[in-house]
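Below, each chain spelled out in residue letters.
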Amino acid sequence: MSQTEERVRAPRRGRRWPRVLIPVVALVLLFGVPWWALVFDGPQWPVAVVVLGTVVFLGAAIAFPIVMLRGHRHGGSDRAARVADTTLGVVWVLFTWTILGTVPRAVLAIAGIADPQRARIVAGLVVVVVLVLLAWGSREAMRVPRTRTTEVWLPRLGPGLDGTRVVVLADTHFGPIDRARWSAGTAAAINRLEPDIVVHAGDIADGSVTARLAQAAPLATVEARLAKGAVTGNHEYFGAAQEWLDHLTELGWQPLHNRHVLLERGGDRLVLAGIDDRTALSSGLAGHGANLTEALAGADPELPVLLVAHQPRQVAQAAAAGVDLQVSGHTHGGQIWPFHYLVRVDQPSVHGLSRHGARTQLYTSRGAGFWGPPLRIFAPSELSLLVLRSDSGR
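Predicted model, so just to flag it, every value in this text is computed and none were measured. (Residues numbered from 1 in each chain as written. Predicted model: local features only at pLDDT ≥ 70, side-chain atom pairs only at ≥ 80, totals over all residues. Heavy atoms only, no water.)

Engineer: With reference to specific residues and values, describe the sheet that holds strand β11 (residues 360-364).
Structural biologist: The sheet built from six strands is open, its strands ordered β6-β7-β8-β9-β11-β10 with mixed pairing. Each edge of the open sheet carries a strand with a single partner, namely β6 (259-265) and β10 (352-356). Strand-to-strand, the axes of this sheet are offset by a mean angle of 20°, without reference to chain direction. (Pairing = 2+ DSSP bridges. Helix = DSSP H or I, 4+ residues; strand = E, 2+ residues; numbered from the N terminus. Axes fitted to C-alpha atoms, helices over the stretch in contact; angles between N-to-C directions.)

If you want it as structure tokens, here you go:
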């Protein structure tokens, strides 16, 4: 091998280390911290308890990456995915509340309670809190989402469109857990809101149309007076984006695949536009890639624009183009506290209404479903009902 080849190849080998090291460190911390605090250090449990606890944590740590790969690789096992996702949720909550357990442990130390009693009290407290949160979080994840209503004032909206009801459905994530009944209940809940416009803001499903056919079927029952439109999310680009857009057409939805439709009511008009997810271009799928210029081509620049884009961070482009309102999902509101702090690093908004630039507003939905762990903790799911208001209605 020449020196030139060595120089070229060395950086490539170096770049692989973070990709390997980061998951390993995360795995050690997630499983190791609870094991150390609750089993090994401080409580001074009998040897049999320590051995049993160590076997459980070590076995889970070894099995977790195996079932995760089997479950989430292309064409993977739904059963393995369910086990992996549930394990991830449990260990994340356990890790978080083990860390927070240092607070009562310090309080007990100040109160003069020594180890092992102090450590055992805290261990018991952590286990009880985790079990309660897991039960509650599972129920929150599996229920039909509640409706969150928000009035959005759009200065350029004509009086004929004042009061237009827009339902934002996002992040359904039809996946390894069969949620066909949940899907039917969610569709019924949307129809009870009597929407003028319904949009799906992406991350429809994890898996192929064939695998998730029954869960997606209730989308055909959703009704809207003016339009039903949908865009792709990043999860569609794991392998079935165009397939899902084609299937949504069969279900009676309009794919807003870098395009717009013109809606009219009471003599006033609104541009409903959508763009692909920001990951679409890097997916390599022909004809896909977020293109707002293409989406708005031919639209009257004087008309108000409602843009559907999966990720909140796409609002920078929307603000530059003078879009009136962007609706997004993607964040899940953090899904499992305190994960929303990490989401906030990546996205300009975690949930709710925010302003960006002189004209553009962004509504970020917490989403209707969940990805991965079947849990929602301090991040409730939602159907977002946006009531559009014209300045003439003030």
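Next comes the rest of the write-up.
Engineer: Talk me through the pattern of salt bridges; I want residue IDs and the actual numbers.
Structural biologist: Summed over all chains, the structure comprises 14 salt bridges. The closest approach of N and O atoms between R212 and D78, which form a salt bridge, is 2.9 Å. In this pair, R212 sits in the loop between β3 (197-200) and α7 (213-216) while D78 sits in helix α3 (residues 78-100), placing the two residues 134 residues apart along the sequence. In this structure, the salt-bridge partner of R225 is D196, at a minimum N-O distance of 3.0 Å. Within this pair, whereas R225 is found in the loop between α7 and β4 (227-230), its partner D196 is found in the loop between α6 (180-192) and β3, the two being separated by 29 residues in sequence. For R225, a relative accessible area of 53% translates into the label exposed. (Salt bridge = Lys/Arg side-chain N within 4 Å of Asp/Glu carboxyl O. Buried < 20%, exposed > 50% of the residue type's maximum accessible area, 1.4 Å probe, protein only.)

Engineer: Mind laying out α3, listing which residues take part and the relevant values?
Structural biologist: Along its 23 residues, α3 runs 33 Å from first to last C-alpha, staying within 8% of the 33 Å computed at 1.5 Å per residue. Taken together, the buried positions of α3 are occupied by A80, A81, A84, D85, G89, V91, W92, V93, L94, F95, T96 and T98. N-cap assignment for α3: the residue whose side-chain oxygen lies 3.3 Å from the backbone N of R79 is S77. (Expected span 1.5 Å × (residues − 1). Polar contact = N/O pair within 3.5 Å; in protein donor to acceptor, adjacent residues only side chain to side chain.)

Engineer: Can you break down empty space enclosed by the protein residue by residue, with the values?
Structural biologist: The tally for this structure, following the rule as stated, stands at one cavity of 30 Å³ or more. When its volume is computed, the largest cavity comes out at roughly 40 Å³. Taken together, L169, T172, F174, W182, S183, T186, A187, I190, L219 and V222 make up the lining of the largest cavity. The dominant element in the lining of the largest cavity, judged by the number of residues it contributes, is α6, at five residues. Split by residue class, the lining of the largest cavity holds seven nonpolar, three polar and no charged. (1 Å grid on protein atoms, 1.4 Å probe; cavity = no way out; pocket = protein on both sides within 12 Å on 5 of 7 lines; lining within 4 Å. Points joined across faces, edges and corners; volume = space filled by probe spheres on them. Nonpolar A, V, L, I, M, F, W, Y, C, P; charged D, E, K, R; others polar.)

Engineer: A description of the side chain of R366 should follow, citing residues and the corresponding values.
Structural biologist: One can find R366 in the loop between β11 and β12 (382-390). Among the polar contacts made by the side chain of R366, one reaches the side chain of H351 at a distance of 3.4 Å. In contact with R366, not counting residues within four places along its chain, are R148, H332, G333, H351, R376, A379, P380 and E382. (Contact = heavy atoms within 4.5 Å.)

Engineer: Talk me through the packing of aromatic side chains; I want residue IDs and the actual numbers.
Structural biologist: Per the counting criterion, the structure on display carries ten aromatic pairs. On the numbers, 5.0 Å between centres and 20° between planes, the contact of W35 with F40 is stacked. Residues W337 and F378 carry aromatic rings whose centres are separated by 6.3 Å and whose planes lie at 85° to one another, so their mutual orientation is edge-to-face. One end of the pair, W337, is in the loop between β9 (325-328) and α12 (340-346); the other, F378, is in the loop between β11 and β12, and 41 residues separate them in sequence. By relative accessible area, W337 is classed as partly exposed at 25%. Through a chain of ring-to-ring contacts, the aromatic side chains of W97, W136, W337 and F378 assemble into a single cluster. In this structure, R179 is placed above the aromatic ring of W182, and the distance from its NZ or CZ to the ring centre is 4.6 Å. For the cation-ring pair, R179 lies above F370, with the distance from its terminal atom to the ring centre recorded as 4.6 Å. (Phe/Tyr/Trp six-rings, centres within 6.5 Å; stacked < 30°, edge-to-face > 60°. Lys NZ or Arg CZ within 6 Å of the ring centre and 35° of its normal.)

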